[in-house]
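Summary of structural features
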Amino acid sequence: MNNIHILFIEIILCLSLLIILYKKYRINGMYSYIIVSFILSKLMSLKTIELYNYDLNLGIIPFTTIFIASNIIVQKKGPEEIKKLILILLATSIISYAILYLITLIEPSNINLFTSASYNNIFIDSPRIYFANIVTILYTLFFNSKLYYYLKKEKNRIWISNIFSSIIIQFIVATLFSIIAYAITIEIIDILKLIMIRYIISLIICTISTFTIYITNNIKEK
């Protein structure tokens, strides 16, 4: 099974979970999905894979579907609800980073010593990638909610709101993440390649996810 097949399975799992959580818990389910996906995307982004000769940080699927979940929230509650979401994600970032950092300060035992050292090295040597996720999501979620809501009011078509907002926002996301995570450390051409592949994959995810918004929008409120 190659990388593209695994990523496609990951998309199906994420979108299926998103629908299930909304059907069972409505907006609270979206909050839960976003928080869990936010934490997972930060940890997963520390690993990169090769996709058609382009390097790609993992975690892009839970990361991108956060925007889909936020669009569902905007569809139901309006853009003001996203301000509360951003504050929750900010608090989550601070607490999760503090806990992970404290773990690196604890002296390991001789059992699994290599694994413990590897954890410390991965976490300590990759703070830029970790924070690139945090800054990017917190900065762009607000603008995404405003743009999605504006298109929703003007056109009143879910596919227009989702796809056209994604075209703009995901380009900003791909550019911002790649620059924060890798500026100076790698060549400019490699950064451009990172932006390109991340943008393409994100647009594919957002396009597929349009059906998810339609499904959740047709689920009757309790």
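For clarity, every value in this text was computed on a predicted model and none was experimentally measured.

Cut-offs used in this document
- Residues numbered from 1 in each chain as written.
- Predicted model: local features only at pLDDT ≥ 70, side-chain atom pairs only at ≥ 80, totals over all residues.
- Heavy atoms only, no water.
- Core = buried A, V, L, I, M, F, W, Y, C linked by side-chain atoms within 4.5 Å.
- Buried < 20%, exposed > 50% of the residue type's maximum accessible area, 1.4 Å probe, protein only.
- Helix = DSSP H or I, 4+ residues; strand = E, 2+ residues; numbered from the N terminus.
- Contact = heavy atoms within 4.5 Å.
- Phe/Tyr/Trp six-rings, centres within 6.5 Å; stacked < 30°, edge-to-face > 60°.
- Lys NZ or Arg CZ within 6 Å of the ring centre and 35° of its normal.
- Axes fitted to C-alpha atoms, helices over the stretch in contact; angles between N-to-C directions.
- Parallel < 35°, antiparallel > 145°, perpendicular 65-115°, else oblique.
- Left-handed = near helix turned anticlockwise from the far one by under 90°.
- Nonpolar A, V, L, I, M, F, W, Y, C, P; charged D, E, K, R; others polar.
- Patch = residues over 30% accessible without salt bridge, like charges linked within 9 Å, V, L, I, M, F, W, Y side chains within 5 Å.
- Areas by Shrake-Rupley, 256 points an atom, 1.4 Å probe, with all protein chains shown as cover.
- Salt bridge = Lys/Arg side-chain N within 4 Å of Asp/Glu carboxyl O.
- Lys, Arg positive; Asp, Glu negative; His and termini not counted.
- Charge placed at Lys NZ, Arg CZ, Asp CG, Glu CD.

**Focus: the nonpolar core**
With 49 residues, the main nonpolar core has Met30, Leu56, Ile73, Leu85, Ile137 and Leu141 as its most contacted residues. Contributions of two or more residues to this core are made by helix H1 (3-25), helix H2 (27-44), strand S1 (48-51), helix H3 (60-77), helix H4 (80-105), helix H6 (127-155), helix H7 (158-182) and helix H8 (188-217). Apart from residues lying up to four places away in sequence, Leu85 is in contact with Tyr31, Ile34, Ser70, Ile73 and Leu141.

**Some points on the packing of aromatic side chains**
Overall, the coordinates contain 8 aromatic pairs when judged by the stated rule. Taking 5.5 Å as the distance between ring centres and 80° as the angle between the ring planes, the aromatic pair formed by Phe171 and Tyr199 counts as edge-to-face. Linking Phe171 in helix H7 with Tyr199 in helix H8, this pair joins segments that are 28 residues apart in sequence. Judged by its relative accessible area of 18%, Tyr199 falls in the buried class. Among the aromatic residues, those joined into a ring-pair cluster are Tyr97, Tyr101, Tyr130 and Phe131. Sitting over the ring of Phe38, Lys42 keeps its end group 4.5 Å from the ring centre.

**Topic: the packing of H3 against H7**
Where H3 meets H7, the axes come as close as 11 Å, and the angle between the chain directions of the two elements is 140°. Compared by their axis directions, H3 and H7 come out oblique. Crossing handedness for the pair H3 and H7: right-handed. Contacts between H3 and H7 involve Phe63, Thr64, Phe67, Ile68, Asn71 and Gln75 on the former and, on the latter, Ile158, Asn162, Ile169, Gln170 and Val173. In the contact of H3 with H7, the residues fall into 6 nonpolar, 5 polar and no charged.

**A closer look at a negative patch on the surface**
Side chains of Glu50, Asp55, Glu187 and Asp190 sit close together on the surface and give a patch of like negative charge. Following the sequence through the fold, Asp190 ends up in helix H8. Residue classification places Asp190 among the partly exposed residues on the basis of a relative accessible area of 32%.

**Focus: the pattern of salt bridges**
Enumeration according to the criterion identifies 3 salt bridges in this entry. A salt bridge links Lys83 to Glu80; the nearest nitrogen and oxygen atoms lie 3.0 Å apart. Of the two residues, Lys83 and Glu80 both sit in helix H4, 3 residues apart, roughly one turn of that helix. Given a relative accessible area of 47%, Glu80 falls into the partly exposed group. Between Glu81 and Lys84 there is a salt bridge; the shortest N-O distance is 3.2 Å. Note that Glu81 and Lys84 are positioned in helix H4 at a spacing of 3 residues, about one turn of the helix. Residue classification places Glu81 among the buried positions, given a relative accessible area of 18%. Linked by salt bridges that have partners in common, Glu80, Lys83 and Lys146 make up one network.

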